Amino acid sequence: MLIDGHGRKVNYLRISVTERCNFRCQYCMPEKPFSWVPRENLLSFEELFSFVRVAIDEGVDKIRITGGEPLLREDLDRFIQMIHDHKPDIDLALTTNGYLLANVAERLKDAGLKRINISIDTLKPDVAAKIAQKDVLSKVLEGVEKALEVGLKVKVNMVPLKGINEDEIIDVMEYAKARGMTIRYIEYMENVHAKNGLQGLNGKEILAKVKEKYTIQKVGREGSSPAFHYLTDDGYKFGLIDPHKHDFCESCNRIRLTAEGFLIPCLYFDEAMSIRDAVKAGNIEAASEILREVLRNKPEKNRWSEENAEESTRAFYETGG
Ligand code: SAM
Ligand code: SF4
């Protein structure tokens, strides 16, 4: 079992398989970065898997593949299959913008993928084009339908932004509800890579919008989920991810691995250690020791909850959010 320096059990590994993306979301990657990580610096699926196996054998039972846009990485189903074959009952999930999903949903499911989170910030084509800086909505919605059709469990992620999509908080919820999907609203997290002047709605403001139509009651945090759950008066459960709240980090159970091999203990911290040399050399013991060291140094809480917190310098497209 993996325990961090604050006594929290860590059983969840998020893997960013690429920092590249086919969208330019205002809150994440509004401009193409000055340079991408050269392809030769990316760990291969075999190298990533050699670390994943260590993590699973030490107690990780939940893995999420993310990015950048993970579906830009060719043959992602091959990586999913490797993980599935090692531990078929693992909770194996993917976060995607959905743009390339329709064509590969079935292959991903067949390879062992169980769950998928799709980012849907709006149902209006022009607003989607404004947020992602590309005409994306119809392909994303096609991806959602296909994922549901092949039997994947789907959740929707929405980041409500002032003056952009705040009037769609209920519409996106009802779109999700009509298809049996859970929605999770994510508070915009300030970071230096986002577009200047962007303002998110805080948790209270998001809930106030929901309350314009529904009466809601608190359900609470479930297990180590970062989302606080609520129930509407018509029995629909939704989540709110509010990293600005002080209790958000108390049950944090996750670490992140980037495509280059950096192990990152917290989204809002610069500290990271590389497993790259260890896995390239096939030195599993060294990789395992680095994992333990990162856990020992995992911070108690992120800095978004501090008074006058500065923007994070970590790019969401690098860490996978
Ligand atoms: N490209 C995929 C996608 O968009 O779903 C996966 C990677 S993306 C970095 C993962 C999640 O992070 C998405 O749900 C996205 O909305 C969220 N995200 C990115 N930047 C964010 C920010 N500044 N604040 C809050 N959430 C953010
Ligand atoms: Fe790409 Fe996802 Fe970031 Fe949007 S949120 S730019 S889709 S990585």
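Residues numbered from 1 in each chain as written. Chains lettered and ligands numbered in written order. Predicted model: local features only at pLDDT ≥ 70, side-chain atom pairs only at ≥ 80, totals over all residues. Heavy atoms only, no water.

A look at the overall build of the protein
In terms of regular secondary structure, the protein is built from 10 helices and 12 strands. Against the globule reference of 20 Å for 321 residues, the protein gives a C-alpha radius of gyration of 19 Å, in line with a compact fold. Principal-axis analysis of the C-alpha atoms places the extent of the protein at approximately 55 × 45 × 40 Å. By the burial criterion, 57% of the 321 residues in the protein qualify as buried. (Helix = DSSP H or I, 4+ residues; strand = E, 2+ residues; numbered from the N terminus. Rg over C-alpha atoms; globule rule 2.2 N^0.38 Å. Buried < 20%, exposed > 50% of the residue type's maximum accessible area, 1.4 Å probe, protein only.)

Things to note about the pairing of strand β1 (residues 12-16)
Counting buried residues in β1 gives five out of five residues, a clear majority hidden from the surface. Bridging between β1 and strand β2 (residues 62-66) involves five bridges; their strand directions are parallel. Bridge pairing in β2 links I15 to I65. A crossover connection joins β1 to the parallel β2 through helix α1 (residues 45-58); in handedness this β-α-β unit is right-handed. Here β1 runs beside strand β10 (residues 254-257); their pairing, made up of four bridges, is parallel. Across the sheet, the residue bridging to I15 is L257, located in β10. (Pairing = 2+ DSSP bridges. Right-handed = clockwise from strand over helix to strand, strands pointing away.)

Remarks on the environment of G7
By the element assignment, G7 lies in the segment before β1. Residue G7 is classed as exposed on the basis of its relative accessible area, which comes to 54%. When the C-alpha atoms of G7 and L42 are compared, they prove to be 32 Å apart, with 35 residues separating the residues in sequence.

Observations concerning the site of ligand 1
Residues in contact with ligand 1 amount to 19 residues; listed here are only the nearest, Y27, G67, G68, S119 and M189. Contact distances for ligand 1 include 2.9 Å between a nitrogen atom and a backbone N or O atom of Y27. Within the backbone of M189, a nitrogen or oxygen atom sits 2.9 Å from a nitrogen atom of ligand 1. Compared with its free state, where it exposes 540 Å², ligand 1 has 95% of that area covered by protein. Of the residues contributing to the shell around ligand 1, the split by class is seven nonpolar, 10 polar and two charged. (Near = heavy atom within 4 Å. Polar contact = N/O pair within 3.5 Å; in protein donor to acceptor, adjacent residues only side chain to side chain. Areas by Shrake-Rupley, 256 points an atom, 1.4 Å probe, with all protein chains shown as cover. Nonpolar A, V, L, I, M, F, W, Y, C, P; charged D, E, K, R; others polar.)

Quick look at the environment of L240
Here L240 shows up in strand β9 (residues 237-241). Placed 11 residues apart in sequence, L240 and H229 show a C-alpha to C-alpha distance of 6.3 Å. If near-sequence neighbours (up to four positions away) are discounted, L240 is found in contact with Y185, G203, I206, L207, P226, A227, F228 and Y230. (Contact = heavy atoms within 4.5 Å.)

Considering the packing of helix α6 (residues 169-178) against helix α7 (residues 203-211)
Closest axis-to-axis distance for the α6/α7 pair is 9 Å, and the angle between their directions is 70°. On the basis of the axis angle, α6 is roughly perpendicular to α7. Residues I169, I170 and M173 of α6 pack against I206, K209 and V210 of α7. (Axes fitted to C-alpha atoms, helices over the stretch in contact; angles between N-to-C directions. Parallel < 35°, antiparallel > 145°, perpendicular 65-115°, else oblique.)

Here's the deal with the site of ligand 2
Lining the immediate environment of ligand 2, one finds C21, F23, C25, Y27, C28, M29, G68 and N97. In terms of residue class, the shell around ligand 2 is made up of six nonpolar, two polar and no charged.

Considering the UniProt feature "binding site: [4Fe-4S] cluster 2" (unreviewed entry) in the protein
According to UniProt, the feature "binding site: [4Fe-4S] cluster 2" (unreviewed entry) maps to C249, C252 and C266 in the numbering used here. Taken together, the annotated residues stretch across 18 residues yet fold into one region, lying no more than 9.6 Å apart by C-alpha. The topology assignment puts C249 in the loop between β9 and β10. With respect to the element layout, C252 can be found in the loop between β9 and β10. Beyond its immediate chain neighbours, meaning those up to four positions away, C252 contacts R8, K9 and K298. (UniProt positions renumbered as here; feature names shortened; annotations may be inferred.)

Notes on helix α2 (residues 76-86)
Count 3.6 residues to each turn of an α-helix, and residues three or four apart come out pointing the same way. Within α2 the residues assigned to the buried category are L76, D77, F79, I80, M82 and I83. Looking at the buried positions of α2, the neighbouring elements they touch are β1, α1, β2, β3 (91-96) and α3 (101-111).

Considering the pairing of strand β8 (residues 227-232)
Along β8, five of the six residues are buried, which leaves the element largely enclosed by surrounding structure. With antiparallel pairing between neighbouring strands as the criterion, strand β7 (residues 216-221) and β8 make up a hairpin whose turn holds five residues, including G223 at a positive phi of roughly 60°. By the bridge criterion, five bridges tie β8 to β9 in an arrangement that is antiparallel. Pairing of Y230 across the sheet is with F238, part of β9. Between β8 and β9, which follow one another and run antiparallel, lie four residues, and G235 among them has a positive phi close to 85°.

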